[in-house]
Amino acid sequence: DPSTVFTTWHQSTIQNPEWKRRRELLSRLTAANVSWQNWDRGGFSDGTMEMRKLLRSTAILLNLHQSNWHHTAEEFRILPAILCGVVVISEVVPYWEQLPWSKYVVWTTNERFVDTVKRVQSNYTEIFNAFFGSKSNLPQTLRAMWRNSTSQLEHVLRTSIERY
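Rules behind the numbers
Residues numbered from 1 in each chain as written. Predicted model: local features only at pLDDT ≥ 70, side-chain atom pairs only at ≥ 80, totals over all residues. Heavy atoms only, no water. Phe/Tyr/Trp six-rings, centres within 6.5 Å; stacked < 30°, edge-to-face > 60°. Helix = DSSP H or I, 4+ residues; strand = E, 2+ residues; numbered from the N terminus. Buried < 20%, exposed > 50% of the residue type's maximum accessible area, 1.4 Å probe, protein only. Polar contact = N/O pair within 3.5 Å; in protein donor to acceptor, adjacent residues only side chain to side chain. Contact = heavy atoms within 4.5 Å. Salt bridge = Lys/Arg side-chain N within 4 Å of Asp/Glu carboxyl O.

1. As for the packing of aromatic side chains
Within the structure shown, the criterion is met by six aromatic pairs. Residues Tyr104 and Phe131 carry aromatic rings whose centres are separated by 6.2 Å and whose planes lie at 75 degrees to one another, so their mutual orientation is edge-to-face. Taken as a pair, Tyr104 in the loop between β4 (87-91) and β5 (105-108) and Phe131 in helix α6 (residues 124-132) lie far apart in primary sequence, 27 residues in all.

Below is the structure:
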């Protein structure tokens, strides 16, 4: 159900007075009458069955940098969500266009986050189908990522063995 959006932010990144970005976004969402819920990841580790169960019952996941000096894509948060069919709305990061899975994330800025959430909620079915439907290239993208990772690992192992 896309009417409630979810986050998986550790409570400390919301409550810490020095890191107010996430807290401010949640306030802006509330003021715009957008329902949200936070699942604190501190209660379970990434990749667990519990995490997959939660993601499979999520329609939209938000990913906002915890501070002005954090600018990573947080693949540990985004990729599991994509693999579970969750539409992720993420704050832009440097070189986001270079990420092989970038076409399967709705990218936005902190300033436009609330408007983007509302747009995604209004167009959820179309966006979901574009990302995960029968005409999506996501399976091919994931296979290419797997092949590339396997090839790189084989190269590293071969090079390491040859040195010794």
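2. Observations concerning the side chain of Thr58
Mapping Thr58 onto the fold places it in the loop between α3 (49-56) and β3 (60-63). Taking the relative accessible area as the measure of exposure, Thr58 reaches 6% and is therefore buried. A distance of 2.8 Å separates the side chain of Thr58 from the backbone oxygen of Leu54, its partner in a polar contact. Filtering out sequence-adjacent residues up to four positions away, Thr58 remains in contact with Phe6, Trp39 and Val86.

3. Some remarks on the pattern of salt bridges
Tallying each qualifying case throughout the model produces one salt bridge. With a closest N to O distance of 2.7 Å, Arg21 and Glu91 form a salt bridge. Linking Arg21 in helix α2 (residues 21-31) with Glu91 in strand β4, this pair joins segments that are 70 residues apart in sequence. Here Arg21 and Glu91 have matching classes, each one buried.

In short, geometric facts, not functional conclusions.
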